[in-house]
Amino acid sequence: MGNMSATQKNRIHEERIVFANEALERQLDKVKDAGFRLCYHMMPPAGWMNDPNGLIQWNGEYHLFYQHDPYQPKQGPMHWGHARSRDLVYWEHLPVALAPSEPYEYVEFGGGGCWSGSAVDDEGVLTLIYTGHVDGRDPEEVQCLATSTDGVHFSKNAAGPVIPGPPEADCFGFRDPKVWKHGDVWYMVVGYGKDGLGKALLYLSDDLREWRYAGVATESDGTMGDMWECPDLFPLGGEGRHVLIVSPMNMGATKTLYMTGDFDYESGRFHRRHHDRLDYGFDFYAPQTMIDSRGRRILFGWMNIWGARMPEQAEGWMGAMTIPRLLTLAEDGTLLMQPVPELADLRGKHTAVGRLGIDADTVVNLPEIQGDALEMIAIFQAATSDEAEFGLQVRCSEDGSECTEVKYRPADGKLTMDRSRSGAGDGGVSEAFLSTMEDGRVKLHLFIDRSSVELFAGDGRVTITNRIYPDPSSNAVRLFARKGAAVMEKLDVWQMKSIWPEE
Ligand code: FRU
């Protein structure tokens, strides 16, 4: 394709970006804060947000792009929204980075657009690799590329898609490229579904423009869903060990999976040793990771799920990211997710509660602790009678009719988050299993933010992420024990500051 059409191509794109930013500006006036806007989580200024895209630390700053519809708080033609941070804590919203402008991003029936993908630094050029999606009875998916030298304005590849289609016809999805460099070679995993099996396909390139298909890195064993969205394959824990994260479609309650094992760069195959759910909540999907300059593997997830009731749409926006999570591997191969230490910058007023015995079947009010934006660390003694269950209730109304309950039963290690009394939005109980720590204690670390609760239990062995939509006045915190007594050893609570300048 000649120079002329490259210019034209980007003129159309620039025009679409202008429209998108104008639309976003108009949407801003419609955003109302009726209690669900988050204080310290990334969310769109207005309009719709889903998957985190293009996570990268570039020129010392963290960039977070996301699937975005700037025209409405509903899923529509996908753009890439964009935010930047120096410290993973405070975020600055930037103009829309990508808008659909090409026939292979053409939107016939409302969906489609510039779908999910990743970012790399190509000798100083910030390069985005994403899926061009055309909706229709047989969706068409190609892998595309766009570049920027200033980290704000992006040009689409003049020659069009860099991978023109899936390796075989009749597939159930071919999207969400995640690219990384190993030695001098660029590697890409792409999500794929074929014959009822989710798969991660592997491609190789020397220049990010020409890609060679290198086969299936790994695939479902028949129980892991029929299409793997948003695959992410990365080294973690040394000695060639790798982790693959995927968001499988049609795997029941399991929405995200991680697999640990070895990746063989010679054969391009990932040998899986262990797999498990990544998060046990309802609202955690399409996570993506990046490595930062300190060598840390950091993850953001979309803190919603397709098909849920989304009460924040009535406020003119929809969607949020989880807090940034630091990934490490435990000795036994379990993937641990913990809040990045930088978040401690947001800690405001601190309240500590010392050792407290809780009688069987009682609820203990903590009148000194109130709030809808809190970090809490509770340590319980797990050595109780066989039947005993205990935990915390947060976002409680005064009359007790509304609350979100986190409960642990040491006898079988069952950990739950019950949002059946959490207000508007979907209810349901999230369930996971967690063994107690070696000293017989259990640690529950919670981040509460207006319409969200993230639980990191057992130092990140189990996480449960949920959106909740309680009344803004439901701000009380309680402790409880049932079917037996319990001992809470210590509770630390911090009021969390807002990251948004206007508050
Ligand atoms: C995951 C996903 C991706 C796709 C994007 C579209 O949530 O379905 O597979 O690229 O969202 O917005």
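The rules behind these values
Residues numbered from 1 in each chain as written. Predicted model: local features only at pLDDT ≥ 70, side-chain atom pairs only at ≥ 80, totals over all residues. Heavy atoms only, no water. Helix = DSSP H or I, 4+ residues; strand = E, 2+ residues; numbered from the N terminus. Rg over C-alpha atoms; globule rule 2.2 N^0.38 Å. Buried < 20%, exposed > 50% of the residue type's maximum accessible area, 1.4 Å probe, protein only. Contact = heavy atoms within 4.5 Å. Areas by Shrake-Rupley, 256 points an atom, 1.4 Å probe, with all protein chains shown as cover. Lys, Arg positive; Asp, Glu negative; His and termini not counted. Charge placed at Lys NZ, Arg CZ, Asp CG, Glu CD. Pairing = 2+ DSSP bridges. Domains from an automatic or database assignment. Buried area = accessible area lost by both parts, 1.4 Å probe. Salt bridge = Lys/Arg side-chain N within 4 Å of Asp/Glu carboxyl O. Polar contact = N/O pair within 3.5 Å; in protein donor to acceptor, adjacent residues only side chain to side chain. Nonpolar A, V, L, I, M, F, W, Y, C, P; charged D, E, K, R; others polar. Near = heavy atom within 4 Å.

Of regular secondary structure, the protein possesses 1 helix and 34 strands. By the compact-globule yardstick of 23 Å for 503 residues, the protein fits well, its C-alpha radius of gyration being 23 Å. For the protein, the C-alpha atoms occupy an extent of roughly 75 × 50 × 40 Å along the three principal directions. Residues classed as buried in the protein amount to 60% of the 503 residues present. Partitioning the intrachain contacts of the protein with sequence separation of at least 6 by distance along the chain shows that 59% fall at a separation of at least 24. Summing over all exposed atoms, the protein offers an accessible surface of approximately 19300 Å²; the carbon and sulfur share of this is 48%. Charge-centre separation for the protein: the mean point of 49 positive side chains lies 2 Å from the mean point of 75 negative side chains.

To continue, consider the sheet that holds strand β7 (residues 140–148). Strand order in the open sheet made by the 4 strands is β5-β6-β7-β8, with antiparallel pairing throughout. Lying at the two open borders of the sheet, with one neighbouring strand each, are β5 (113–122) and β8 (155–156). Pairing of β5 with strand β6 (residues 125–134) involves 9 bridges; the strand directions are antiparallel. Each residue of the ladder has a partner; that of Gly113, found in β6, is His133.

Here the focus is the pairing of strand β4 (residues 92–98). Taken residue by residue, a regular strand's side chains alternate between the two faces of the sheet. Across 4 bridges, strand β3 (residues 79–85) lies against β4 in antiparallel orientation. Residue Ala83 lies in a different strand from β4, and its bridge partner there is His93. The antiparallel hairpin formed by β3 and β4 contains 6 residues in its connecting segment, where Leu88 sits at a positive phi of about 70 degrees.

Taken as a whole, the protein is organised into domain 1 (6–339) and domain 2 (342–496). The C-alpha-based centres of domain 1 and domain 2 are spaced at 32 Å. Across the contact, 43 residues belong to domain 1 and 37 residues belong to domain 2. Its largest share of buried area at the contact with domain 2, domain 1 owes to Tyr40, Tyr280 and Phe282, together 22% of the area lost on that side. Scanning the region where domain 1 abuts domain 2 turns up 8 salt bridges. Among the ionic pairs, Asp332 bridges to Arg461, the shortest N-O distance being 3.2 Å. Run the count over domain 1 and domain 2 and you get 29 residue pairs in polar contact (both at pLDDT 80 or more). Residue composition of the side of domain 1 that touches domain 2, grouped by class: 24 nonpolar, 8 polar and 11 charged.

Right, let's get into the site of the ligand. Residues in contact with the ligand, as listed here, are Asn50, Asp51, Gln67, Met78, Trp115, Ser116, Arg175, Asp176, Glu229, Tyr285 and Trp306. Within the side chain of Arg175, an N or O atom sits 2.8 Å from an oxygen atom of the ligand. One of the side-chain N or O atoms of Glu229 is found 2.9 Å from an oxygen atom in the ligand. Listing elements by their share of the shell around the ligand, those giving two or more residues are β1 (47–58), β5 and β9 (174–182). The class makeup of the residues in the shell around the ligand is 4 nonpolar, 3 polar and 4 charged.

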